[in-house]
Amino acid sequence: MRLEGFYNPLGYTDRAFLTWLQSTGDYRPLFFGRYYGMGQISISRRSMYAPTLNFTGLANISDRSVTGRVDFSMAPTTAVRVFVFVEAPFGERGGEFRFQPDLSVAELPVEGLGLLRAGINVRMRI
């Protein structure tokens with residue numbers, strides 16, 4: 001189990017700045033807010049070949065948006081390792097992890113809120 005916190009004195013508390021930073025290309029993920037928190041639970045065995053499961057929650061406490069992620073990994077052989085993840089944003093709309101542009105600040109295309117992202121990665125030693 002793991003808990004972390006991060007304070008960014010240069011971060012913003014006003015969501016309008018998020019739209020402005022996105023429109024100018026100056027947005028840097030995980031450096032927008034002032035306060036961040038992360039919690040993680042890892043379930044694994046000591047063997048490198050046993051599957052590993054991680055549950056992670058990362059929150060921008062300043063704007064009350066959260067992203068949750070589940071990671072699964074396993075090594076079927078010594079030369080191959082497979083990683084799979086699924087993540088979803090939670091919390092208030094318009095925040096860093098559930099971004100919706102504020103059209104009164106800048107005209108950005110309004111995109112649908114991503115409900116789920118998934119990915120797979122296979123690493124092979126050659």
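Refer to the preceding data block for the structure.
Residues numbered from 1 in each chain as written. Predicted model: local features only at pLDDT ≥ 70, side-chain atom pairs only at ≥ 80, totals over all residues. Heavy atoms only, no water.

## Some thoughts on the overall build of the chain
Stage number 1. For the chain, the count of helices and strands is 1 helix and 6 strands.
Stage number 2. For the chain, the N- to C-terminal ordering of α and β elements is β-α-β-β-β-β-β.
Stage number 3. What you see for the chain is a C-alpha radius of gyration of 18 Å, clearly larger than the 14 Å of a compact globule of 126 residues, by over 25%.
Stage number 4. By principal-axis analysis of the C-alpha atoms, the chain measures approximately 55 × 30 × 25 Å. (Helix = DSSP H or I, 4+ residues; strand = E, 2+ residues; numbered from the N terminus. Rg over C-alpha atoms; globule rule 2.2 N^0.38 Å.)

## Concerning the pairing of strand S3 (residues 52-60)
Stage number 1. Note that strand S2 (residues 35-43) and S3 share 8 bridges and pair antiparallel. Following the sheet pairing, Ile41 is matched in S3 by Phe55.
Stage number 2. The pairing of S3 with strand S4 (residues 65-74) spans 9 bridges and is classified as antiparallel. Residue pairing in the sheet places Leu58 in a bridge with Thr67 of S4.
Stage number 3. Linking S3 to S4, which pair antiparallel, is a turn of 4 residues; within it Arg64 sits at a positive phi near 60°. (Pairing = 2+ DSSP bridges.)

## Details of the sheet that holds S4
Stage number 1. Pairing is antiparallel in the open sheet, where 6 strands are placed in the order S1-S2-S3-S4-S5-S6. In the strand order of this sheet, the two ends are held by strand S1 (2-7) and strand S6 (117-124), each with one partner. Here the average twist between neighbouring strands, direction ignored, is 15°.
Stage number 2. The pairing of strand S5 (residues 80-91) with S6 spans 8 bridges and is classified as antiparallel. Following the sheet pairing, Val80 is matched in S6 by Met124. (Axes fitted to C-alpha atoms, helices over the stretch in contact; angles between N-to-C directions.)

## Re the pattern of salt bridges
Stage number 1. What the rule picks out here adds up to 5 salt bridges.
Stage number 2. Measuring nitrogen to oxygen at the nearest pair gives 2.7 Å for the salt bridge that ties Glu4 to Arg2.
Stage number 3. You can call Glu4 partly exposed: its relative accessible area is 42%.
Stage number 4. Residue classification places Arg2 among the partly exposed positions, given a relative accessible area of 40%.
Stage number 5. Arg69 is the partner of Glu87 in a salt bridge, and the nearest nitrogen-oxygen pair spans 3.4 Å. Placement of Glu87 in strand S5 and of Arg69 in strand S4 is noted, with a sequence separation of 18 residues between them.
Stage number 6. Owing to a relative accessible area of 29%, Arg69 belongs among the partly exposed residues under this scheme.
Stage number 7. The network of salt bridges with common partners includes Arg69, Asp71, Glu87 and Arg117. (Salt bridge = Lys/Arg side-chain N within 4 Å of Asp/Glu carboxyl O. Buried < 20%, exposed > 50% of the residue type's maximum accessible area, 1.4 Å probe, protein only.)

## Focus: the nonpolar core
Stage number 1. Counting residues in hydrophobic clusters, the biggest one holds 5 residues: Leu18, Leu21, Phe32, Tyr36 and Phe97.
Stage number 2. If near-sequence neighbours (up to four positions away) are discounted, Leu18 is found in contact with Tyr27, Phe32, Gly94, Gly95, Glu96 and Phe99. (Core = buried A, V, L, I, M, F, W, Y, C linked by side-chain atoms within 4.5 Å. Contact = heavy atoms within 4.5 Å.)

## Looking at unusual backbone geometry
Stage number 1. Even without a glycine there, the phi angle at Arg64 is positive, about 60°.
Stage number 2. Within the secondary structure, Arg64 sits in the loop between S3 and S4.

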